[in-house]
Amino acid sequence: MRISILTMAVVAVSAAALSAAEIDPKEVNYEDGVVKASLTGVAGDPANGAEVVGNKSLGNCVACHQVSDLADIPFQGEIGPPLDGAADRWSEAELRGIVANAKIMFEDTMMPAFYKVDGFIRPGNAYTGEAADETFGPLLSAQQIEDVVAYLSTLKE
Amino acid sequence: MTNFKQAIGVFVVASTVAMGAVADPVDDTLVLNEETTIVTRTAAPAHVADALDEVMSGWLFRGTETRAMQADDFDNPGMIFVEQAEDTWNTAEGTEGKSCADCHGASDEMAGVRPTFPKWNDAAEEVFTLEMQINDCRENRMGAEKWKYTGGDMVNMTALLASVSRGMPVDVAIDGPAQSTWEDGKELYYTRTGQLELSCANCHEDSYGLMIRADHLSQGQINGFPVYRLKNTKLNAVHDRFKGCIRDTRAETYSPGSPEFVALELYVASRGNGLSVEGPAVRN
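Just so we're clear, the structure is a prediction, and the values are computed from it rather than from any experiment.

**Q** Describe the overall build of chain A, listing the residues and the values that go with them.
**A** Secondary structure summary: chain A contains five helices and zero strands in total. Mapped from its N terminus to its C terminus, chain A presents α and β elements in the order α-α-α-α-α. Every one of the 157 residues in chain A was classed for burial, and the buried ones make up 41%. Within chain A, contacts between residues at least 6 apart in sequence are counted, and of these 55% link residues at least 24 apart.

Below you can see the structure in the form of structure tokens.
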């Protein structure tokens, strides 16, 4: 019994150590909507970022934005501006702020906050219509945010 | 290579233009069975004039074939369910051994009822949806069991009652004793729910006419309910549609028949005052 408690403690500590570099959604430092520091310290992967932007069950950014670079993805929405040339308009730090929580840069925007875990009204458990449970987390992980930012940084005109 | 890139450039421009063209509501007129003209767009009622100039039926936002299906009762799959409800209307049930027809006459004598619901019920001292009224008759006048709020019998009966009022303008009262319920509904309409933090208004007031992924956003009017959806090939009740839209904001939804959805229904119905009743409409 003692041994198993000890083992559990060790596992918990090493898990915490692994994610120590990752910034918690509640600890992100926004300056006028801009986030300077990487959320993970690990360089973003643009190819994975493109996947997150286009995939319906990940970022699903194309639900609202057109991205010519992803022209093979059908049915791109038009709620927000096309993301073509995003890197010409925004710095990496600005893009990180927009993707993590666009509501700070664009007050009242329809764009969801992808790295936020509190302040919601009737948060649900994904698309089940049921109440959120203990599995509730941000829409995208810290590394997925970094990957998306890396991808957006390639969108130059 | 250059040619290839140019070709892609042209393709992108062309498809953007095409999307723009698809996105606006069509300029088309709905005439049912070549006789009843349906008002699918009209000046916004005073209580929504601050937000909208015109109110528009969801019919205007659907594709050519879907619109055509609704124009002819023989092509409208929703009418099969209306026929089923017609049988129910004439069938005695419950301890009183009465049918709806025994008290109300032929179903078409109910013309003019659908456009006024939801409405205040004095005896119950609350706003009644059509479903609540029907269940009130079943329980208290027929001695029959209540129907499930969005079950088949119920949705069919609401389709029958809508169908006999087609072409008549939606006209729900928002003042008097119904006012506080209406205000609750308005509050819900503008509340940004769920992890996506979206309100009804974000999609159906601020963004109608635009594409959200593959969907062409309408004003989210309910004058066409219950609607036959090609997607699930059945009639869909208003509260089930509300539930689906709230679920899609990654929120915990309300239940069909809940006070919240009754209030929301009154408010949304009032945003369509002046549009014709079209149920059962056809949607994708």
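**Q** Now, about the UniProt feature "binding site: substrate" (unreviewed entry) in chain B: what can you tell me, with residues and values included?
**A** The UniProt record annotates "binding site: substrate" (unreviewed entry) at B:Arg241. Turning to its location among the elements, B:Arg241 is positioned in helix α9 (residues 238-247).

**Q** Which residues make up unusual backbone geometry, and what are the values?
**A** Generally, phi is negative for residues other than glycine and the peptide bonds are trans, each holding for most cases. With omega at 0°, the peptide bond leading from B:Phe225 into B:Pro226 counts as cis. You can see B:Pro226 is positioned in the loop between β8 (215-216) and β9 (227-229). Along the chain, B:Gly279 connects to B:Pro280 via a cis peptide bond; the corresponding omega equals -5°. In this structure, B:Pro280 sits in the loop between α10 (259-271) and β11 (281-283). Its identity as a non-glycine residue notwithstanding, A:Asp108 has a phi of 65°, on the positive side. By relative accessible area, A:Asp108 is classed as exposed at 60%. Positive phi values are uncommon outside glycine, yet B:Asn33 reaches one of about 50°. Relative to the elements of secondary structure, B:Asn33 occurs in the loop between β1 (30-32) and β2 (36-38).

**Q** Go over the sheet that holds β9(B) with me, naming the residues and quoting the values.
**A** Residues and elements named next belong to chain B. Read across the sheet, three strands follow the order β10-β9-β11 without closing on themselves; strand pairing throughout is mixed. Of all strands in the sheet, those with a lone pairing partner are β10 (234-236) and β11, marking the two edges. Averaged over all pairs of adjacent strands, the angle between their axes in this sheet comes to 40°, without regard to strand direction. With three bridges joining them, β9 and β10 adopt antiparallel strand pairing. Looking at the pairing, Tyr228 lines up with Leu235 of β10.

**Q** Can you tell me about empty space enclosed by the protein, naming the residues and giving the values?
**A** Residues and elements named next belong to chain B. This structure, assessed with the given rule, holds two cavities of 30 Å³ or more. Computed from the structure, the largest cavity encloses a volume of approximately 140 Å³. No other element matches the three residues that α10 contributes to the lining of the largest cavity. Looking at the lining of the largest cavity, its residues break down into 10 nonpolar, three polar and two charged. Within this model, the second largest cavity holds a volume of roughly 40 Å³. Every residue along the wall of the second largest cavity is listed here: Arg114, Glu131, Val155, Thr158, Phe225, Pro226, Ala237 and Val238.

**Q** Give a description of the interface of chain A and chain B that names residues and reports values.
**A** With 39 residues of chain A at the interface, the matching set in chain B holds 29 residues. Carbon and sulfur atoms make up 56% of the surface buried where chain A meets chain B, a total of about 2800 Å² over both sides. Scanning the region where chain A abuts chain B turns up one salt bridge. Close ionic contact of B:Glu197 with A:Lys116 constitutes a salt bridge, the shortest N to O distance being 3.1 Å. Inspection of the chain A/chain B interface yields 13 residue pairs in polar contact (both at pLDDT 80 or more). Across the side of chain A that touches chain B, the residue classes break down as 19 nonpolar, 13 polar and seven charged.

Reading guide: rules and limits
Residues numbered from 1 in each chain as written. Chains lettered and ligands numbered in written order. Predicted model: local features only at pLDDT ≥ 70, side-chain atom pairs only at ≥ 80, totals over all residues. Heavy atoms only, no water. Helix = DSSP H or I, 4+ residues; strand = E, 2+ residues; numbered from the N terminus. Buried < 20%, exposed > 50% of the residue type's maximum accessible area, 1.4 Å probe, protein only. Contact = heavy atoms within 4.5 Å. UniProt positions renumbered as here; feature names shortened; annotations may be inferred. Pairing = 2+ DSSP bridges. Axes fitted to C-alpha atoms, helices over the stretch in contact; angles between N-to-C directions. 1 Å grid on protein atoms, 1.4 Å probe; cavity = no way out; pocket = protein on both sides within 12 Å on 5 of 7 lines; lining within 4 Å. Points joined across faces, edges and corners; volume = space filled by probe spheres on them. Nonpolar A, V, L, I, M, F, W, Y, C, P; charged D, E, K, R; others polar. Buried area = accessible area lost by both parts, 1.4 Å probe. Salt bridge = Lys/Arg side-chain N within 4 Å of Asp/Glu carboxyl O. Polar contact = N/O pair within 3.5 Å; in protein donor to acceptor, adjacent residues only side chain to side chain.

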